[in-house]
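# Working through the structure, step by step
Below, each chain spelled out in residue letters.
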Amino acid sequence: MLAPCALVAGSVVVGGCAYRPGSFHSEGDWFRGSIATVECLDVAIERSPDLSDGSPVVGYTFGNRCNQPAIVDLSGATVVGHADDGSVVPLTAKDPFGELRPLYLDARATGHESISYAVAGEVTSVCVDVNAVARTFGNARWLCVAGRTP
Amino acid sequence: MTRRRRLARLARLAPLPIALVVAGGTARAEPSCYEDAVVGSGNCRFGIWGEALEAPYMSVTIGAVMRVLPRPSSSGPRATTTRATTDTESGGIGGGSAPTVEDRSWAYVERVTVAPWRAGYFGVEMELGVSDVSLSDPGARRVIAGGAALAGLRVGSTWLTLTGEIAAGGRVMEISGSPRYDGSGLVELRARADIWLGPWVTIGGMVGRNLLQENEWTAGIALGMHTWSFGGTR
């Protein structure tokens, strides 16, 4: 059966289809990896191939479940890595041009970013506090993805 | 980035570049930061998904309007392509009033609006006549082209937006007789209702009345594309 918005050809052509809450899927963005729902945001994170210098890369995909804008704060998200010896190391986003900042995601819209992190040594897994991504402060809610190297 | 992904993203973001182009803006061409383009790599730009809400809300609307133009009383017999009605308000049955002769003029309309704040907006519109009114009848008129500036107030939800607006401008009309063309002013009060087909697309209707011309009114339908979902009126 066609999606409701697909029934309106003009909408598909000029306006696109809205993100359906909980679907973790849209025409333009693939929600891959670990997924979570935090208030208005459906969030997925995946480990992309590390950069040539060994920096881990995390792909973020997010969809707005609500009918009002929702904030997405990738600059303020707490990200940590787990080393082979079991130690936890904080990861800092690489942002040479100072682009990272909180932005509002429009209602029923989706987005994606890939961010690399500076770390001393190698990490086997990366964990992100998705509550901080949605600025839902309180207890951290960790979403983790395993290592992936080129 | 796959071709399918690029096309899907382009389709969803279509209203924004349309509005930007119309408004005279320019958009940078860098793609969003996907797995093959990491933030800071110089191959992409962070935050494309959030840029629509950083700019003022804009909408582009295309549609058709029908204008009912009362013909001047000295214009002679009514034409076969126009409609005659009895003016019951001034004369009624047996009142002896003359029939009101009207010409119906159709036009294609395009409008662009910008909302500096949530409830109010400004904009411009242009119309091009597509009327088939026969101009063989003395005094018959049709709109050739027109333009107006407009301002309005709106309230809405995720399924319906109601608007009241005023438009002021001018138009060029073709007339059966001499002179062949004439210009006239337009100050129109309008009421609009738009239904949201999706977060960024509406279809709606409007009715209006020209304050400068007695018994002249208009009605139309339009398809709208919006840079903010649901017009930001939630």
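Residues numbered from 1 in each chain as written. Chains lettered and ligands numbered in written order. Predicted model: local features only at pLDDT ≥ 70, side-chain atom pairs only at ≥ 80, totals over all residues.

## Thoughts on the overall build of chain A
Heads up, the condition is: In DSSP terms, a helix is any run of H or I states spanning at least four residues, a strand is any run of E spanning at least two, and both are numbered starting from the N terminus. Working definition of burial: number of other C-beta atoms within 10 Å of the residue's own, with buried at 20 or more, exposed at 12 or fewer, and partly exposed in between, all C-beta atoms being placed from the backbone. Contact criterion: two residues are in contact if their C-beta atoms, reconstructed from the backbone, are within 7 Å.
The number of helices and strands found in chain A is two helices and 10 strands. Within chain A, the fraction of its 150 residues that count as buried is 45%. If you take every contact in chain A between residues at least 6 apart in sequence, the share linking residues at least 24 apart comes to 64%.

## Side note on the overall build of chain B
Looking only at helices and strands, chain B features two helices and nine strands. The helix and strand sequence of chain B, counted from the amino end, reads α-α-β-β-β-β-β-β-β-β-β. Taken across its 234 residues, chain B has 38% of its residues classed as buried. The long-range fraction of contacts in chain B, counting pairs at least 24 apart against all pairs at least 6 apart in sequence, stands at 56%.

## Quick notes on the sheet that holds strand 2 (residues 41-48) of chain A
All names here are of chain A. We apply this condition: Strand pairing is assigned whenever DSSP detects at least two bridges linking the two strands. Note on geometry: axes are lines fitted to C-alpha atoms, helical ones only across the stretch in contact, with angles between N-to-C directions running from 0 to 180 degrees.
On the basis of which strands lie adjacent, the open sheet formed by eight strands has the order 1-2-3-8-6-5-9-10 and antiparallel pairing. This sheet does not close on itself; its edge strands, each paired only once, are strand 1 (34-38) and strand 10 (142-146). Taking each pair of neighbouring strands and ignoring which way they run, the sheet shows an average axis angle of 30 degrees.

## Looking at the nonpolar core
When a protein is soluble and globular, its nonpolar side chains tend to lie buried together. As a reminder of what qualifies: By definition, a nonpolar core groups buried Ala, Val, Leu, Ile, Met, Phe, Trp, Tyr and Cys residues that connect through C-beta atoms lying within 7 Å of each other. Domain limits in this description derive from either an automatic procedure or a database domain assignment.
Counting residues in hydrophobic clusters, the biggest one holds 50 residues, and the most contacted among them are V58(A) and V128(A). The residues that make up this core include at least three from each of domain 1 (3-55) and domain 2 (58-232) of chain B. Sequence-distant contacts of V58(A), that is, excluding residues within four places in its chain, are made with I45(A), R47(A), S48(A), V79(A), I115(A), Y117(A), V126(A) and V128(A). Ranked by size, the runner-up nonpolar core spans six residues in total, among them A52(B), Y57(B), A115(B) and W228(B).

## Thoughts on the confidence of the model for chain B
All names here are of chain B. Quick note on the threshold: As a per-residue measure, pLDDT reflects the predictor's confidence and takes values from 0 up to 100.
Overall, the predicted model of chain B reaches an average pLDDT of 78, with 70% of residues at or above 70. Confidence over residues 76-96 falls short of pLDDT 50; this stretch has 28 contacts with residues more than four positions distant or in other chains. Predicted as a complex, the structure gets a pTM of 0.78 and an ipTM equal to 0.85.

## Some thoughts on the pairing of strand 9 (residues 217-226) of chain B
All names here are of chain B. The pairing of strand 1 (residues 57-70) with strand 9 spans 10 bridges and is classified as antiparallel. Opposite R67, over in strand 9, you have T218 as the bridge partner. In this sheet, strand 9 lies alongside strand 8 (residues 201-210) in antiparallel orientation, the contact comprising nine bridges. Residue pairing in the sheet places G204 in a bridge with A222 of strand 9. Linking strand 8 back to strand 9 in an antiparallel pair, the connection comprises six residues, with N215 at a positive phi of about 65 degrees.

## A look at the environment of L135(B)
Mapped onto the elements, L135(B) comes out in the loop between strand 4 (120-129) and strand 5 (141-156). Sequence-distant contacts of L135(B), that is, excluding residues within four places in its chain, are made with A140(B), E174(B) and S176(B).

## Observations concerning unusual backbone geometry
The phi dihedral of R108(A) falls on the positive side, at around 60 degrees, and the residue is not glycine. Note on placement: R108(A) falls in the loop between strand 7 (103-105) and strand 8 (110-118). The phi dihedral of F230(B) falls on the positive side, at around 55 degrees, and the residue is not glycine. Here F230(B) lies in the segment after strand 9. The class of F230(B) is buried, set by 24 C-beta atoms lying within 10 Å.

## Points about the pairing of strand 9 (residues 125-129) of chain A
Residue and element names in this part refer to chain A. The buried fraction of strand 9 amounts to four of the five residues, a majority that puts the element mostly inside the structure. In this structure, strand 5 (residues 79-82) lies alongside strand 9, joined through four bridges in antiparallel fashion. Counterpart to V79 in the pairing with strand 9 is V128. Bridge count for strand 9 against strand 10 is five bridges, and the pairing is antiparallel. Its bridge partner lying in strand 10, C127 is registered against C144.

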